[in-house]
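Secondary and tertiary structure notes
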Amino acid sequence: MQGLHDFIATDLKVAYINSLLQVGFDTIDFGSFVSPKAIPQMRDTADVLSKLDLSNSKSKLLAIIANYRGAEEAASHPEISYLGYPFSISETFQRRNTNSGINDSFDTVKRMNELCGARNKQLLVYLSMGFGNPYGDEWNEEIVLQWAEKLIDEGIQHIALADTIGIASPEQISSLYPLLKSNFPETDIGIHLHSTPNTWQKKIEAAYKSGCRSFDTTVKGYGGCPMAKDELTGNIATENLIIYLQSQNEPIGLDMDKFREAMEYSGKVFG
């Protein structure tokens, strides 16, 4: 939602997220505690949270944060299980995204992880620009491994390898994801992919066959990164992932009737 110019009414957000909470997903990324000046769409996240019905949902809640102040606000809410922080291995993108360089952001990660430990939360760190960047900043697999190791040494247990601008190839995924898992087998490593409508399947297949079982998706593929060069590049669509998993006879444990209801309701939110 954060990339949409027109403000989505709070009650509309609430109704949509409540419908997703009934499907059976592991985690719902429901909002962001970030500057309302930077991202006006997320200015009502606390209000949205107060109206969510968690009584009959097994899904956990995740909130995105961009700095320590946002982490403090998110951590004050007992309903939230995960705080998600975008940590870019591209210096240029880190400064653009959080107004902070990599080294300062790493220090922030350490402070946020201590906060999460004190507040019974889990910190999920997105390794942004995990497959390269358009800025000319140095990238290779060794850099990815080095930063992953530094994060894990600080006690980070949850990492999402993020293809921020949709440039990852299936070959890259098939090489890098197993490398991370073999080096850090005790760490929960998921994947956050962006793609065009005709490239999602090979990317998902590459990640799945590499052993990934934790995927970030959005209904109908809404959203994406404004830095992506192709305007068709968006998030992996949840329904596409479901189709692929079903083709692999993978148990998904979702209420598909509730999912269809959420799919229909998404049209009211996104137009």
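The numbers attached to residues start from 1 for each chain and follow its sequence in the written order. Since the coordinates come from a predicted model, pLDDT governs what is reported: local features require at least 70, and pairs of side-chain atoms require 80 or more to be given and counted, while whole-chain, interface and lining totals use all residues. Side-chain calculation: all heavy atoms of the structure are included, whereas hydrogens and water are not.

Moving on: the nonpolar core. The nonpolar side chains of a soluble globular protein tend to be buried, and buried together. The definition of a nonpolar core used throughout is a set of buried Ala, Val, Leu, Ile, Met, Phe, Trp, Tyr and Cys residues joined through side-chain atoms within 4.5 Å. Classification of residues uses two cut-offs on accessible area relative to the type maximum, computed with a 1.4 Å probe and protein chains only: under 20% is buried, over 50% is exposed, and between them is partly exposed. If you look at the biggest cluster of nonpolar residues, it comprises 74 residues, and the most contacted ones within it are F30, F87, L123 and L127. Elements are defined by DSSP. Helices are runs of H or I of four residues or more, strands are runs of E of two residues or more, and each kind is numbered from the N terminus. Tallying contributions element by element places helix α6 (residues 141–153) first for this core, with seven residues. Excluding its chain neighbours within four sequence positions, the residues that come into contact with F87 are Q94, I102, S105, F106, V109, V125, Y126, L127, S128, W147 and L151. In terms of nonpolar packing, the next biggest core, distinct from the first, is built from six residues, L62, I64, Y82 and A160 among them. By definition, residues are in contact when any of their heavy atoms lie within 4.5 Å.

One speaks of a salt bridge when a side-chain nitrogen belonging to Lys or Arg is within 4 Å of a carboxyl oxygen belonging to Asp or Glu. Counted according to the given criterion, the structure contains eight salt bridges. Across the salt bridge formed by D26 and K60, the nearest N and O atoms sit 3.1 Å from each other. Of this pair, D26 sits in the loop between α1 (10–21) and β1 (27–33) while K60 sits in strand β2 (residues 60–65), placing them 34 residues apart in sequence. Looking at K60, the relative accessible area reads 27%, which means it is partly exposed.

We now examine the packing of aromatic side chains. Here the aromatic set is Phe, Tyr and Trp, taking the six-membered ring for Trp, and pairing holds for ring centres within 6.5 Å; pairs whose planes are under 30 degrees apart are stacked, those over 60 apart are edge-to-face, and all others are tilted. For the structure shown, the criterion picks out seven aromatic pairs. Judged by centre distance (6.3 Å) and plane angle (55 degrees), the rings of F87 and F106 are tilted. Here F106 lies in helix α5 (residues 102–118) and F87 lies in strand β3 (residues 80–88), a separation of 19 residues in the sequence. Here the two residues F87 and F106 agree in accessibility, since each one is buried. Measuring from centroid to centroid gives 5.5 Å for Y208 and Y244, while their planes differ by 80 degrees, and the two rings are edge-to-face. Of this pair, Y208 sits in helix α8 (residues 200–209) while Y244 sits in helix α9 (residues 238–247), placing them 36 residues apart in sequence. The pair Y208 / Y244 is uniform in exposure class, with both members buried. A ring is scored as having a charge over it whenever the NZ atom of a lysine or the CZ atom of an arginine sits within 6 Å of its centre and within 35 degrees of its normal. Its end group placed over the ring of W147, K150 keeps NZ or CZ at 4.2 Å from the ring centre. Above the plane of the ring of Y208 lies R213, whose end atom (NZ or CZ) is 3.8 Å from the centre.

Any functional reading would require information that these geometric values do not contain.
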